[in-house]
Every structure is written in C-alpha cells, then in structure tokens.
Amino acid sequence: MATAKIIYGTAWKKERTAALVVSAVLHGFRAIDTACQPKHYREDLVGVALQTLQNEHGIKREDLFVQTKYTPIGGQDTSQPLPYDPETDIPTQIQASVQTSLSNLHTTYLDGLLLHSPLRTLSQTLTAWQTLVGLQDSGVVRKIGVSNTYDVSTLEALERDGGRRPDVVQNRWYEGNGWDNDVWTYCQEKHIQYQSFWTLSGSPTLLRHPSIRAICKAKGCTPAQALFRIAQLHGITPLSGTTNETHMDEDIAVEAISLDDVQDSVAEVLGYVRS
C-alpha cells in the first residue's frame, strides 16, 4: 500500500483503544501505530479492532499499515505482564516481543517494527538493530526503524555498523526540542520517513503563529490542519491520537489542502521552526 500521509496513534487510549481504532479507520485512517508496551498501549485491543474492521466492516488487514515497537526493559512497567523475559539476551527479547505482537494483532506480519528507543549502549542498540534487520529479511517485518532517537550519529551508526539504513524515524517534533531539526533534515536527505508525535500538543506557540493564522484564513482550515499540511509537504508524517470524530475527519482532509497560493506564509512558518 502507498505510504500513509497521517497515522493514528494509540498511546494512552487504555480500554477505549479498540473502539477508537475502529472509529479512526472508518473515518479514513489507514495506518495505525501501537507498541508492545502495556504501560502505555493496549496492543491487544488494536488487534480486537482489526478483527472488528474485517469481520463487521469488510476492511482487510492488508488494507491497513500496522506498526508496533519493541520496548526495552527500561520503558516497561515490570509490575505488568511483560512481552518477553528480561533475563534473556536482546535478540531473544525482540523475537519474543514480535511473537507477542503478532498474536495480539492477529496477523502474520508487521508493516512496521520500531525500536521504541535506543538501548543503554550503542553496542546494545546495534545488536537490537541487527535483529530487526534479520526480521525484515525474513519477511515477518516490512519496514524497520527507531523512535525517540535524537542524535544523528546514532542513525549513521545503524547504517554503517548495523547493516541497514532505517526506513522510519519516529520522534517528538515540537518546540521543546527545536522541532528536531538535525534529525528531520537528515531523514529528508536520506529519504527516511520521519514520523512526528507531539506535533500539535507540543507546539502551542506555533499554532498561534501569525502565518499559521493567515493560512487558516486563506484556506478555511484550522490551525491544526495548517500545521499538519505543512509537515506533510516537508517530509513529515504526523501521528494523530485524537479521540474526537470531527477532528478525525479534519485530519484526513488535510492531504487535500493545497498551499500553493500561500507559500509566503508557509516559508515564514518554516523559517520559524528551522531557526
């Protein structure tokens, strides 16, 4: 399937996860992000949603992009059931996490698998990355990548020493980290899909920027739509975790918004985030 322009994020949805994923897909989303991390995600309920979509709405698994993550032990809540035995080595942990994800999601393959974060050392990160490379070569995983990786040198090491360039980087893109300019630029140069989270909630100042307001006035869109569209047109695939069906419709409508006639305002927004 074609690369999605926007992804539905399922973090912190808890027991509402299944219903919200079904709603998001029925409103037009075709890509879903989750993680094998019970602390913040109900991956099992994403699986319930996938079954509901196929059985009740005729939307097949292969019509959706489903992405999950291996979360190192430091990101897990050890008071909850873990998807792997933390006493085993890293490759074994990842293999077990993937098997848990396949079971949770009622699927035989993953469209995307990310390391939820770099591991404690670069050596451990490379070991984990090489395991993902093997999973991609086996066909169980189609795209591999990393999340919460804000150092370009780590991405360079994955390709140089880990054997393969990431297909995906998923990071916070917000005013608190200067919109992750170094990694964002690197991904554009290397043709890596850059997925953003905290795109709206982390950038209240940007959403109030006069140039965003000017775009909204000219195009009849919301500030969120204006920012998402600028992101899409400049190498970013935003995640949306909205629980509001109106906002779901607005998010899907973003791709059809043309900014050709407001390029001066777009340039001012980009100048602000690139400065």
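A brief structural summary. (Residues numbered from 1 in each chain as written. Predicted model: local features only at pLDDT ≥ 70, side-chain atom pairs only at ≥ 80, totals over all residues. Heavy atoms only, no water.)

### Overview of the environment of Ser97
Structurally, the position occupied by Ser97 is in helix α3 (residues 90–105). When the C-alpha atoms of Ser97 and Ala224 are compared, they prove to be 35 Å apart, with 127 residues separating the residues in sequence. Residues contacting Ser97, with those up to four places away along its chain left out, are Cys36, Lys69, Tyr70, Pro83 and Tyr84. (Helix = DSSP H or I, 4+ residues; strand = E, 2+ residues; numbered from the N terminus. Contact = heavy atoms within 4.5 Å.)

### Re the pairing of strand β5 (residues 141–147)
Most of β5 is tucked away, with five of its seven residues classed as buried. With five bridges joining them, strand β4 (residues 110–115) and β5 adopt parallel strand pairing. Residue Leu110 lies in a different strand from β5, and its bridge partner there is Val141. One crossover worth recording links β4 to the parallel β5 by way of helix α4 (residues 122–138), and it is right-handed. Across three bridges, β5 lies against strand β6 (residues 168–172) in parallel orientation. By the bridge assignment, Ser147 is partnered in β6 with Gln170. Handedness of the crossover is the feature at issue here: the chain leaves β5, passes through helix α5 (residues 152–160), returns alongside β6, and the resulting connection is right-handed. (Buried < 20%, exposed > 50% of the residue type's maximum accessible area, 1.4 Å probe, protein only. Pairing = 2+ DSSP bridges. Right-handed = clockwise from strand over helix to strand, strands pointing away.)

### Remarks on the packing of aromatic side chains
Taken as a whole, this structure holds six aromatic pairs when the rule is applied. The interplanar angle of 85° and the centroid separation of 5.0 Å between the aromatic rings of Tyr174 and Trp198 together place this pair among those described as edge-to-face. Placement of the pair is Tyr174 in the loop between β6 and α6 (181–190) and Trp198 in the loop between β7 (193–197) and α7 (204–207), with a sequence separation of 24 residues. Judged by centre distance (6.3 Å) and plane angle (85°), the ring pair of Phe197 and Trp198 falls under edge-to-face. The side chain of Arg61 reaches across the aromatic face of Tyr109, ending 4.2 Å from its centre. In this arrangement the basic side chain of Arg274 is found over the ring face of Trp184, its NZ or CZ atom lying 3.5 Å from the centre. (Phe/Tyr/Trp six-rings, centres within 6.5 Å; stacked < 30°, edge-to-face > 60°. Lys NZ or Arg CZ within 6 Å of the ring centre and 35° of its normal.)

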